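Structure assessment
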Amino acid sequence: MTPVGGTGSTIKTRPPRSMLFVLGMHRSGTSALAGTFDHAGIDFGNVWRKPLPDNPHGHYENFHVVNLNERIMGSWRHPENILSKGQAAPLIDGILRIHYNRDHLMGIKGPRFLFTLDHWLPHVDHAYLVGIFRHPLEVAMSLDKRERDRGGPEALEGFPEDEAINLWVQYNERLLALRKKFTFPILHFPFEGRLGVSVRLPSVCRMGVSRDTASSFFTPSAIHHHAVGGVPVAAV
């Protein structure tokens, strides 16, 4: 896997920054993929690894990164460009210096990076990208269950399927646009832990991933929503 786009700052007062970005739509397996990499030896730093009702292994996201990405793009349900690169630059640099200032490859994950990655890449010396996608109806079912499980006055309505499909299209169009700009692998969820890492991403293995431990983190039994058939025409 060849590093893409990252140039880092012109004045080096820190170790070279190498980062693996895990990209994909919400409820599409980004947590499972990030957790597999983390479990296999790629350092994701200070992220949430504890079980959650909608994510049994944790979501592997850094709270400060999530908050900043929301400031850059607004609501994940209504993505737009709110902060310019110049406005976001000192905030990104601060987070990376505090949480990712290490002399080895680190992983960073978040669906919002599909809309904010261009803001982050100038602060990284060597950036590696990997994407993942999931059937849109499975994403819609998963979003609906998460919304209902959270409770509150809107929980009974769940997550509208048409909105979920429209968001799936927006996020995956961004994923494909980035794939066109930067050559990187995209996996289909569910992936088989060992197969996904050792066969489809061999170059990542050479960056310190242990093939033997990768297969023990994620199992298909963790999947609760299954769609039958191909991707609906309306979602293409």
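A short tour of the structure in this document, coming up. Computed from a predicted model, the values in this text were never measured in an experiment.

**Observations concerning the packing of helix H2 (residues 63–73) against helix H3 (residues 85–99)**
At a minimum axis distance of 11 Å, the contact between H2 and H3 shows a crossing angle of 170°. It follows from the interaxial angle that H2 and H3 lie roughly antiparallel. In this structure, H2 contributes His-64, Val-65, Leu-68, Arg-71 and Ile-72 to the contact, and H3 contributes Ala-88, Leu-91, Ile-92, Ile-95 and His-99. Considered class by class, the residues forming the contact of H2 with H3 number seven nonpolar, two polar and one charged.

**Some details on the packing of H3 against helix H4 (residues 113–120)**
The interhelical angle for the contact between H3 and H4, taken along N-to-C directions, is 90°, at an axis separation of 9 Å. With respect to H4, the element H3 is oriented roughly perpendicular. Residue-level contacts link Lys-85, Ala-88, Ile-92, Ile-95 and Leu-96 of H3 to Asp-118, His-119 and Trp-120 of H4. Among the residues making up the contact of H3 with H4, the classes are represented as five nonpolar, one polar and two charged.

**Regarding the sheet that holds strand S4 (residues 186–188)**
Strand-to-strand pairing in sheets goes through backbone hydrogen bonds, with the strands running parallel or antiparallel. Read from one edge of the open sheet, four strands run S2-S1-S3-S4, paired in parallel fashion. Of all the strands in the sheet, just strand S2 (106–109) and S4 have a single pairing partner and so form its edges. Across the sheet, the mean angle from the axis of one strand to that of its neighbour is 25°, orientation sign disregarded. With six bridges connecting them, strand S1 (residues 18–23) and strand S3 (residues 126–133) associate as parallel partners. Counted as the bridge partner of Phe-21 is Leu-129 from S3.

**Looking at the packing of aromatic side chains**
The tally for this structure, following the rule as stated, stands at five aromatic pairs. Ring centres of Phe-21 and Phe-113 lie 5.2 Å apart, and the angle between their planes is 85°; on these two criteria the pair is classed as edge-to-face. With a gap of 92 residues between them, Phe-21 in strand S1 and Phe-113 in helix H4 connect regions that are remote in the sequence. A ring pair is formed by Trp-76 and Phe-159, whose centres lie 5.8 Å apart and whose planes are at 25°; its orientation type is stacked. Taken together, the residues Trp-76 in the loop between H2 and H3 and Phe-159 in the loop between helix H5 (136–149) and helix H6 (161–181) connect sequence positions 83 residues apart. For Phe-159, a relative accessible area of 4% translates into the label buried.

**Overview of unusual backbone geometry**
Even without glycine at this site, Arg-27 takes up a positive phi of about 60°. Within the element layout of this structure, Arg-27 appears in the loop between S1 and helix H1 (30–40). A positive phi angle, near 55°, is found at Tyr-60, a position not held by glycine. Following the sequence through the fold, Tyr-60 ends up in the loop between H1 and H2.

What counts and what doesn't
Residues numbered from 1 in each chain as written. Predicted model: local features only at pLDDT ≥ 70, side-chain atom pairs only at ≥ 80, totals over all residues. Heavy atoms only, no water. Axes fitted to C-alpha atoms, helices over the stretch in contact; angles between N-to-C directions. Helix = DSSP H or I, 4+ residues; strand = E, 2+ residues; numbered from the N terminus. Parallel < 35°, antiparallel > 145°, perpendicular 65-115°, else oblique. Contact = heavy atoms within 4.5 Å. Nonpolar A, V, L, I, M, F, W, Y, C, P; charged D, E, K, R; others polar. Pairing = 2+ DSSP bridges. Phe/Tyr/Trp six-rings, centres within 6.5 Å; stacked < 30°, edge-to-face > 60°. Buried < 20%, exposed > 50% of the residue type's maximum accessible area, 1.4 Å probe, protein only.

Honestly, that's just the spatial picture; any functional story needs more than this.
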